[in-house]
Amino acid sequence: MTRVIAALLVSSAALVAAPAFAADLPEPIPAAPAYEPVAQSTAFDWTGVYVGAAAGYAFGEYGGDAGDADVEGFTGGAFVGYNMALTPNWIAGVEADIFAGPSENFTVGGTSVETETAVFGTLRGRVGYAFDSFMVYGTGGLALGWGEAEFNGGSDSNTHIGYVVGGGVEAALTENITARAEYLYVDTSEESYTAGGSSVDADLDGHLVKVGVGYKF
């Protein structure tokens, strides 16, 4: 009987001591949370001011009371603008450019004429849809052309005012540099050129295809 009582006392002591012993054991270190990579956006930020240069080919005609004459040649110039994002994909902006125009010699109504569109420029709105680093856009606005004609031993110059419409595609090459291809149609007012005692009324209409490189700040 004494042995039974002693065994019960030992068992009771072990049961009491077990929780205290377990409390002294170190708790397991919780596992580190699983790494979830953060997706980085590859979309180009079109918002901001930009400048650039472009070159292309212009072709059109002087048309008036003395007949029509084709004018064509290479051209080059510069542009500046600003874009803002209306939504993640829709982009709106404004752009101005200025270019040197082509010159041409031709005969209208039996009169030899030398023409030169010394400078022309546009002020346009742009609306585009962006696909990450690419954007397609339409554009339109005001066109100005400063023309000069020499005939009958004299010369005269005029400013032609009209409209321009067109479109293009632009691609981001880096975070700041873009490349573009663009087409514009220009239609300007008819103005009167007077030289050597005679006058010719003419307007200047034409097409411009150009490529360019821009820098976005």
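This one's a predicted model, so the numbers in the text were calculated from it and none came from an experiment.

(A) Spatial organisation of the packing of aromatic side chains. A full pass over the atoms with the stated rule returns nine aromatic pairs. Geometrically, the ring pair formed by Tyr 129 and Phe 131 is edge-to-face, given 5.0 Å between the ring centres and 65° between the ring planes. The partly exposed category is assigned to Tyr 129, whose relative accessible area is 27%. Pairwise contacts between aromatic rings join Tyr 57, Phe 59 and Phe 74 into one cluster.

(B) Looking closely at the side chain of Arg 180. Along the chain, Arg 180 turns up in strand E8 (residues 177-188). Under the relative-accessibility criterion, Arg 180 is labelled buried at 6%. In this structure the side chain of Arg 180 is engaged in a polar contact, spanning 2.9 Å, whose partner is the side chain of Glu 95.

(C) Structural detail: the pattern of salt bridges. Scanning the model with the defined rule gives ten salt bridges in all. Across the salt bridge formed by Arg 180 and Glu 95, the nearest N and O atoms sit 2.9 Å from each other. Of this pair, Arg 180 sits in strand E8 while Glu 95 is found in strand E3 (residues 90-100), placing the two residues 85 residues apart along the sequence. Each member of the pair, Arg 180 as well as Glu 95, carries the same accessibility label: buried. Put simply, Lys 210 and Asp 97 hold a salt bridge, and the shortest N to O gap is 3.0 Å. Within this pair, whereas Lys 210 is found in strand E10 (residues 198-216), its partner Asp 97 is found in strand E3, the two being separated by 113 residues in sequence. We note that Lys 210, like Asp 97, is buried. A network of salt bridges, in which partner residues are shared, links Glu 95, Asp 97, Arg 124, Arg 126, Glu 170, Arg 180, Glu 182 and Lys 210.

Rules of the game
Residues numbered from 1 in each chain as written. Predicted model: local features only at pLDDT ≥ 70, side-chain atom pairs only at ≥ 80, totals over all residues. Heavy atoms only, no water. Phe/Tyr/Trp six-rings, centres within 6.5 Å; stacked < 30°, edge-to-face > 60°. Buried < 20%, exposed > 50% of the residue type's maximum accessible area, 1.4 Å probe, protein only. Helix = DSSP H or I, 4+ residues; strand = E, 2+ residues; numbered from the N terminus. Polar contact = N/O pair within 3.5 Å; in protein donor to acceptor, adjacent residues only side chain to side chain. Salt bridge = Lys/Arg side-chain N within 4 Å of Asp/Glu carboxyl O.

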